[in-house]
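Summary of the model geometry
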Amino acid sequence: MPYLFYNIAQKIKAYQNVHPSAHLYRMGIGDVSLPLCDAVIRALHEAVDDQANAESFHGYMPECGAPFLREAIANYYGEKGVALSPEEIFVSSGASDELGDILDLFDRESTALVIEPAYPAYVDANVIAGRKIVHLPSGRENGFLPEPDAAIKADILYICSPNNPTGAVFNREKLQAWVDYANQNGAIILFDAAYEAFIEEPALPHSIFEIKGARTCAVEICSLSKTAGFTGTRLGYTVIPKELVRNDLNLNAMWVRNRTTKTNGVSYIIQKGGAAVFTKEGQKQIHENIRVYKKNAKVLMNALDKLDIWYCGGRNAPYIWMKCPSKMGSWKFFDYLLNEIQVVGTPGAGFGACGEGYFRFSTFGNPDDTEEAAYRLTKLLQK
Ligand code: PLP
């Protein structure tokens, strides 16, 4: 568990020791609160039954993913106008696993650039590997969407859009600048698209492969955790185009080699459940759940609008990133909300130094709790 969430858990524990009966309004951690949709549950049950009969039983699955799931994902991209072959899609047990494992493709001497505030795993995975890290701060002045800086040299570029924690989304033009920069400098973009399904503005890109030139410089890492409630079920996928070559080495072929060495694939049952997400019925149902989280976002955004507090995110992402009022530091604001109104969020400073003075709300919580948290927040800060 990253230090940030450990620290939060410790503070909550201390509060609960003193106030054992207090109900906490948890808008902190990014875990979902809604169950898997019906289409997925049905597919999981059917897959369990398949394992009960010799004719339908599946033993080891192909290491890089079951063809039925790789094809379903390729079709999902195809509908968005991105042509991928199933061999460019690698099924994984989640984005966290992949964000760590994918670093096998890179030399330990290489440098990683992390746009901050950032999901803590990018920095931590590179610290574990002993790699040099360049921290690129972003801020309100650039909408938390910085441009590449020609003076900075890095081999691995982390881009998360829609972003955790800021909820900011790169538009095509801004993403094109990063793709051009990566191609010119021989760098590789690790594009984290864990929240793509939350984008509602039609002009915003869901995939880096919607951008010209991305096939020669990008890897896309995706997850069904937030899109389809798979946080505890575990499934994700990674896209590595066949044109991606560095030092005469083909990264798609290298990843096939890596996967066939280091994993025996993801369970048949879970992949069947995952394939149901990409059916017409599955898509309809997961978007019904996403709409519930979007409603939570609206409730919190309305409260912040009323209070005239600056924030970004919420519209195309399940996170809201707000400026702490009265120039409060982010941990001080955390303690203030916990002690005064029992609302738990995440201090911005935990996502990098430039997150100080900001605070993140997750919109994955229970709708009643979110309403009450927004009401308490308004009452507290209106004073
Ligand atoms: N990437 C980002 C930006 C995330 O916020 C998260 C989870 O919160 C992950 C990756 C990890 O997702 P998974 O549950 O698939 O490991």
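Residues numbered from 1 in each chain as written. Predicted model: local features only at pLDDT ≥ 70, side-chain atom pairs only at ≥ 80, totals over all residues. Heavy atoms only, no water.

Okay, the pairing of strand β12 (residues 319–323) next. Residues in a regular strand project their side chains so that they alternate between the two faces of the sheet. In terms of burial, β12 is a largely internal element, four of the five residues being buried. Where strand β11 (residues 311–313) and β12 come together, three bridges link them in antiparallel fashion. Note that in β12 the partner of Cys312 across the bridge is Trp321. Counting the residues between successive antiparallel strands, the hairpin from β11 to β12 contains five residues, one of them, Gly314, with a positive phi of roughly 90°. (Buried < 20%, exposed > 50% of the residue type's maximum accessible area, 1.4 Å probe, protein only. Helix = DSSP H or I, 4+ residues; strand = E, 2+ residues; numbered from the N terminus. Pairing = 2+ DSSP bridges.)

Now for the site of the ligand. Every one of the 15 residues lining the ligand counts as a neighbour, but Asp192, Tyr195, Ser223, Ser225 and Lys226 are closest to it. One of the backbone nitrogen or oxygen atoms of Ala95 is found 2.7 Å away from an oxygen atom of the ligand. The protein chains hide 92% of the 400 Å² of surface that the ligand would expose on its own. Mapped onto the shell around the ligand, the elements with two or more residues apiece are α4 (95–101) and α7 (225–228). The element contributing the most residues to the shell around the ligand is α4, with three residues. For the shell around the ligand, the residue count by class is seven nonpolar, five polar and three charged. (Near = heavy atom within 4 Å. Polar contact = N/O pair within 3.5 Å; in protein donor to acceptor, adjacent residues only side chain to side chain. Areas by Shrake-Rupley, 256 points an atom, 1.4 Å probe, with all protein chains shown as cover. Nonpolar A, V, L, I, M, F, W, Y, C, P; charged D, E, K, R; others polar.)

Turning to the side chain of Asn258, a few remarks are in order. Residue position: Asn258 is located in helix α8 (residues 251–262). Classification of Asn258 as buried rests on a relative accessible area of 12%. At 2.9 Å, the side chain of Asn258 and the side chain of Asp104 are in polar contact.

A word on the pairing of strand β7 (residues 218–223). Burial of β7 is extensive: six of the six residues sit out of reach of the surface. Where burial is concerned, the two faces of β7 agree: the one with Ala218, Glu220 and Cys222 and the one with Val219, Ile221 and Ser223 are both buried. Of the pairings in the sheet, the one linking strand β6 (residues 188–192) to β7 comprises four bridges and is parallel in character. In the strand pairing of β7, Phe191 is matched with Glu220. Inspection of the sheet shows β7 paired to strand β8 (residues 236–239) by four bridges, in the antiparallel sense. Across the sheet, Cys222 pairs through a bridge with Tyr237, a residue of β8.

Moving on to the pattern of salt bridges. Opposite charge on two side chains permits them to pair, given that their charged atoms come into close proximity. Inspection of the entire model under this criterion finds 16 salt bridges. Here Lys284 makes a salt bridge to Glu288, at a shortest N to O gap of 3.4 Å. Of this pair, Lys284 and Glu288 both sit in helix α10 (residues 280–306), four residues apart, roughly one helical turn. Three or more residues are tied together by salt bridges with common partners; here these are Glu200, Glu201, Lys294 and Arg315. (Salt bridge = Lys/Arg side-chain N within 4 Å of Asp/Glu carboxyl O.)

The next point concerns the sheet that holds β11. The strand order across the open sheet built from four strands is β11-β12-β15-β14, with neighbouring strands paired in antiparallel fashion. Edge positions in the sheet fall to β11 and β14 (346–347), since each has one partner strand and no second. Strand direction decides the pairing type here: β12 and strand β15 (residues 358–362), joined by five bridges, are antiparallel. Counted as the bridge partner of Tyr319 is Ser362 from β15. Sitting on the sheet, helix α11 (residues 330–341) is in contact with β12, β14 and β15, with an inclination near 50° to β15. (Contact = heavy atoms within 4.5 Å. Axes fitted to C-alpha atoms, helices over the stretch in contact; angles between N-to-C directions.)

Quick look at unusual backbone geometry now. Between Ser161 and Pro162 the backbone carries a cis peptide bond, its omega angle lying at -5°. Assignment of secondary structure puts Pro162 in the loop between β5 (156–160) and α6 (172–185). Within the chain, Phe144 stands out as a residue other than glycine whose phi angle is a positive 60°. For Phe144, the location among the structural elements is in the loop between β4 (132–137) and β5. One non-glycine residue, Ser326, adopts positive backbone phi at about 50°. With respect to the element layout, Ser326 can be found in the loop between β12 and α11.

Core analysis: the biggest nonpolar cluster contains 95 residues, and Trp178, Ile189, Tyr237 and Phe361 have the highest contact counts within it. With near-sequence residues (within four places) excluded, Phe361 lies in contact with Met27, Leu300, Pro318, Tyr319, Ile320, Met322, Leu337, Val343, Gly345 and Leu377. (Core = buried A, V, L, I, M, F, W, Y, C linked by side-chain atoms within 4.5 Å.)

According to the domain assignment, the protein consists of domain 1 (4–30 + 282–381) and domain 2 (40–278). With centres defined by C-alpha atoms, the gap from domain 1 to domain 2 works out at 27 Å. The interface is formed by 28 residues belonging to domain 1 together with 29 residues belonging to domain 2. Taking both partners together, domain 1 and domain 2 bury about 2400 Å²; carbon and sulfur atoms supply 61% of that area. In terms of surface lost to domain 2, no three residues of domain 1 exceed Asn316, Phe351 and Cys354, which account for 25% of the buried area on that side. If you look at where domain 1 meets domain 2, you find three salt bridges. In this structure, Arg315 engages Glu200 in a salt bridge whose closest nitrogen and oxygen atoms are separated by 3.4 Å. For the interface between domain 1 and domain 2, the tally reads 11 residue pairs in polar contact (both at pLDDT 80 or more). At the level of elements, α10, β11, β12 and β15 are the ones that each hand at least two residues to the side of domain 1 that touches domain 2. Partitioned by chemical class, the residues of the side of domain 1 that touches domain 2 number 15 nonpolar, nine polar and four charged. (Domains from an automatic or database assignment. Buried area = accessible area lost by both parts, 1.4 Å probe.)

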